[in-house]
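Take a look at the letters that make up each chain.
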Amino acid sequence: MNEDARIVIIGGGVIGLSVAYHLAELGVTDVVLIERNQLTSGTSWHAAGIVGPLRATLNLTRLAQYATELLPRLDELTGQSAGYRQTGGLWLARQEERMSELKRIAHMGDVCGLRVELIDANVIGERVPGIALDGLAGALWVEEDGQANPVDICAAYARRARKAGIRILEGVACSGFVIEKGRVAGVKLASGATIRCEAVVNCAGAWARHIGGMAGVPVPLQAVEHMYVVTEPIAGLPNPFPILRDLDEGIYVKGDSGKLVLGGFEPDAKIFEVNSAAGDRPFVELPEDWDQFEPFMSAGLRLFPALAETGIRHFMNGPESFTPDTLPLMGESPYLRGFFVAAGFNSTGMMSSAGAGKAMAEWIVDGEPGLDLWPLDISRFDRNSASRAFVRARMEESVADLFRMHWPYKQSKAGRGQRRSAWHDMLGEAGAVFGAPTGWERPLWYARSEADREPHYTFGRQHWWQAAEREAVAMAGGVGLFELSPFTKLDVTGRDAARLLQQLSANNIDVAEGRSVYTQMLNRHGGIEADVTVTRSGDAAFRVVSGAATRQKDFAWIARHANDFGLDASVFDATSAEAVLGVMGPRSRDLLEELTDADLSDAAFPFSTSRRIDVGMVNVRATRVSFVGELGYELYVPVECAESLLSTIREAGRAHGAVLCGHYALDGCRLEKGYRHWGHDVGPKETPLEAGLGFAVSWTKGEFIGRAALEAQRARGLTRRLLHFAVEGANPLLLHDEPIYRDGKFAGLTTSGGFGFRTGLSLCLGYVACETGETKQQLAASRYEIAVAGQRFGLRLLERPPYDPSGCRMRSQQETL
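Conventions and cut-offs
Sequence order sets the numbering: in each chain, residues are counted from 1 along the sequence as written. Thresholds applied to this predicted model are a pLDDT of at least 70 for local features of residues and 80 or more for the giving and counting of side-chain atom pairs; totals over whole chains, interfaces and linings are not thresholded and use all residues. Side-chain measures were taken over the full set of non-hydrogen atoms in the model, leaving aside hydrogen atoms and water. Working definition: helices are DSSP H or I runs of at least four residues, strands are E runs of at least two. Numbering for both runs from the N terminus. Just to be clear, the radius of gyration here is over C-alpha atoms, and the globule rule we use is 2.2 Å times residues to the power 0.38. Partly exposed describes any residue whose relative accessible area lies between the buried limit of under 20% and the exposed limit of over 50%, with all areas from a 1.4 Å probe on protein chains only and scaled to the type maximum. When checking whether two residues touch, look at their non-hydrogen atoms; a contact exists if any pair is within 4.5 Å. Values of accessible area rely on a 1.4 Å probe in the Shrake-Rupley scheme; residue burial ignores everything except the protein chains shown. Counting rule applied: Lys, Arg positive; Asp, Glu negative; His and chain ends not counted. In plain terms, the charge of a residue is placed at NZ if it is Lys, CZ if Arg, CG if Asp and CD if Glu. Here, a salt bridge means any Lys or Arg side-chain nitrogen found within 4 Å of an Asp or Glu carboxyl oxygen. By convention a nonpolar core is built from buried Ala, Val, Leu, Ile, Met, Phe, Trp, Tyr and Cys residues, the set being connected through side-chain atoms within 4.5 Å. Expected span of a helix, by definition, is 1.5 Å for each gap between consecutive residues, and there is one gap fewer than residues. One bridge is not enough; two strands pair if DSSP finds at least two bridges between them.

## Concerning the overall build of the protein
Part 1: Along the protein, the regular secondary structure elements total 22 helices and 39 strands.
Part 2: For a compact globule of 817 residues, the expected C-alpha radius of gyration is about 28 Å, and the protein comes in at 27 Å, within 12% of that figure.
Part 3: Seen through its principal axes, the protein has C-alpha atoms that stretch 80 × 65 × 55 Å.
Part 4: Scored against the burial criterion, the 817 residues of the protein give a buried share of 61%.
Part 5: Long-range contacts, defined here as pairs at least 24 residues apart, represent 72% of the contacts in the protein between residues at least 6 apart.
Part 6: Counting every atom, the protein has about 30,400 Å² of accessible surface; 48% of that belongs to carbon and sulfur.
Part 7: Treating the 85 positive side-chain charges of the protein as one cloud and the 101 negative ones as another, the clouds have centres 4 Å apart.

Below, the structure is given as structure tokens:
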């Protein structure tokens, strides 16, 4: 056996074989795929075979939609049919709130060119004879839903890969890895041989967490038992039989040559231990468990009463892997270079295989996928999230979450309390209602009664708006205290620290000590890889601050470029070492001046200043910046001094009307200022020029990554712009991915939305298509609308932020008096 290859794929299931197929399509054939047993023998062989292209967001729909393009053509392309058949499908709703969710998703189908239709119970009965209509509020019909044979798909992928020269080795198991200088350099085999390589792709499915552990790479997924039954033949079934998802009952139904397949996704799913005797066998089939399956069987009998007279031909119980947030794991691990993961597809591996394989091949060869797949990027998780106890705890909810209501602002309950700041207990005693949107427990709002604490999920007016408004308005008149400890805090030091950050940053960060600079870090296409504030704390020392969600990603981006450039610069993650308190509002300076002997006047401490000062008995780094559009300071304090700092400020703050403010109030305030949020409003496929962040690009400094792409874009003109809108005369709940229409024609999607509590406006940001050379006046002259849950609302283009348009409140307290 040739003992080297450019790429080694581990796992011969539908995902691994799709990656091999798409590498071959890109002309990369120096590839070895190893499978410890036989191809498809893990979980692919027992997949239900459902193909569904529609998702709630644009890029995830595009990823899934590719299957409806590729699978029908596999016979033509490879000589092996995939057994693909378009059947259409129904997403059933049993409550009006579910219909509201489906109406929002239907807009995405329209945008992506899918044939979708919202129908009532009578039409459901016409399309699926024999279905019980009692309790159905309606449904979403998706014409492009279908089904395919997972084993045939795998055979087609494998045939193409082999024909291209990719080696597929069955009965070959991975036993470890060769790691050299922080990157994978080889795969150790159980036979004792080693395959040297440049990259590894972990496509081991339910066994991916175990494979990742061999390399020290966290892969947060858990295998559970997934069950479905196949009935005896039923006379008179429609042919084809449409895919049915009875979402509120947690079940799915599909046709199978005159029979029906019934399965579901339950809470408290049964854990399957892959490192067991059963887990080592190929084609694992687990014992029947009718007690576990009974809720699904009962729901199926209610949906199709005829099932009561139909026999069960087969009970299938096999392992499937699920992730903590019910989204796949894809991309290069931030913990080991060259180690890619494509696993944890939450029982959608077969239907996801086409898009996932294509994206992974692009990621490996080009360094990035063709779509912005941050929601799926494995970098969103840290090591704690892959702990055995955490992933098992999340299975109480994660499996059922696949079909459960996807409520706006919904917070998980299982696996909570993993990461708390130094102020957690103090804030909890003050009424904080906590959520964990990025793994950190952080106050969402502050309740005044027990009734205020309980979430009341809805697609309408949020019950916490009153609390968030109370907090934001109080801050605007006095002082607001924000828990900001989850901020990512990276210290970059060394002789070449300034040189490194200058090459990574679009703005000029080579400033005087004690100054902060807002900047983006770009990829070679000019896309925004990181949205950060860089503070110079010494001649060869900088602090980089970014959002909580991108901690692993941002660390890897900076550290890996330092290594690639051969620079003398090191990166230290100080996130857990310091707590951060935001002191914001027109009286924030007055409050802090009572507690420090530092001069905080505009002259001595202007906007973007960062300096060490004493506050009470504690020395902190105070940085004058604000994400809420008010005069404000971020105070960085060692965790052991955090309680003392907060107690001192709260005590002194009583005289200044200081209030504790939650994350939801902060987000509403940033929308009122039109501030961008990475992962929503900006990302690797958007440039600073498109996003209206050209002010943060220094054209007078030297080279930086992405400069050439920005210069080219500036020369040819923009074809889309990020615009700021307010809804006219109404306050619908805005979230993201709502269609925007310009003069009656679809022009783009919202990137983020919400309610502005100081202005009383429903606000959103969104990219709108434009002609090159179009002026702001021409854009403003158009008529804009937004589609929300089947309704259209007028939009007012905001040429300036609706709150404090001049920005004087943030830059100088005196100007606001």
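Next, the rest of the story.
## Re the pattern of salt bridges
Part 1: What the rule picks out here adds up to 51 salt bridges.
Part 2: One salt bridge in this structure joins Arg98 and Glu101, with 3.0 Å as the shortest N-O distance. Here Arg98 pairs with Glu101, and both are found in helix H4 (residues 96-111), just three residues apart, close to one helical turn. As far as burial versus exposure is concerned, Arg98 and Glu101 are alike and both buried.
Part 3: In this structure, Asp510 and Arg536 form a salt bridge, with 2.5 Å as the shortest nitrogen-oxygen distance. Here Asp510, found in the loop between helix H15 (497-504) and strand E25 (516-522), pairs with Arg536, found in strand E26 (residues 528-538); they are 26 residues apart in sequence, far enough to count as distant.
Part 4: Taking the relative accessible area as the measure of exposure, Asp510 reaches 44% and is therefore partly exposed.
Part 5: Taken together, the shared-partner salt bridges connect Arg394, Glu397, Asp401, Arg404 and Lys410 into one network.

## Side note on the nonpolar core
Buried together is how nonpolar side chains tend to be arranged in soluble globular proteins.
Part 1: Formed by 50 residues in total, the largest nonpolar core has its most connected members in Ile7, Ile9, Leu74, Ile153, Tyr157, Val201 and Met330.
Part 2: Every element with two or more residues in this core is listed here: strand E1 (7-10), helix H1 (14-25), strand E2 (31-35), helix H2 (58-70), helix H6 (150-164), strand E13 (199-202), strand E20 (339-343) and helix H10 (349-366).
Part 3: Discounting residues that sit within four places of it in the chain, Ile153 has contacts with Val14, Leu71, Leu74, Ala82, Ala148, Met350 and Ser353.
Part 4: Grouped together as the second largest cluster of nonpolar side chains are 37 residues, Ile10, Val32, Ala204 and Ala206 included.

## Focus: helix H16 (residues 551-565)
Part 1: The terminal C-alpha atoms of H16, which comprises 15 residues, lie 22 Å apart, in line with the 21 Å expected from a rise of 1.5 Å per residue.
Part 2: Residues Arg551, Gln552, Lys553, Asp554, Ala556, Trp557, Ile558, Arg560, His561 and Ala562 constitute the buried set of H16.

## As for the pairing of strand E34 (residues 720-727)
Part 1: With six of eight residues buried, E34 is to be regarded as a mostly interior element.
Part 2: In this structure, E34 lies alongside strand E37 (residues 761-769), joined through seven bridges in antiparallel fashion. Within E37, the residue paired with Leu723 across the bridge is Gly766.
Part 3: Examined bridge by bridge, E34 and strand E39 (residues 791-797) share three bridges and lie antiparallel to one another. Bridge pairing links Ala726 to Arg796 in E39.

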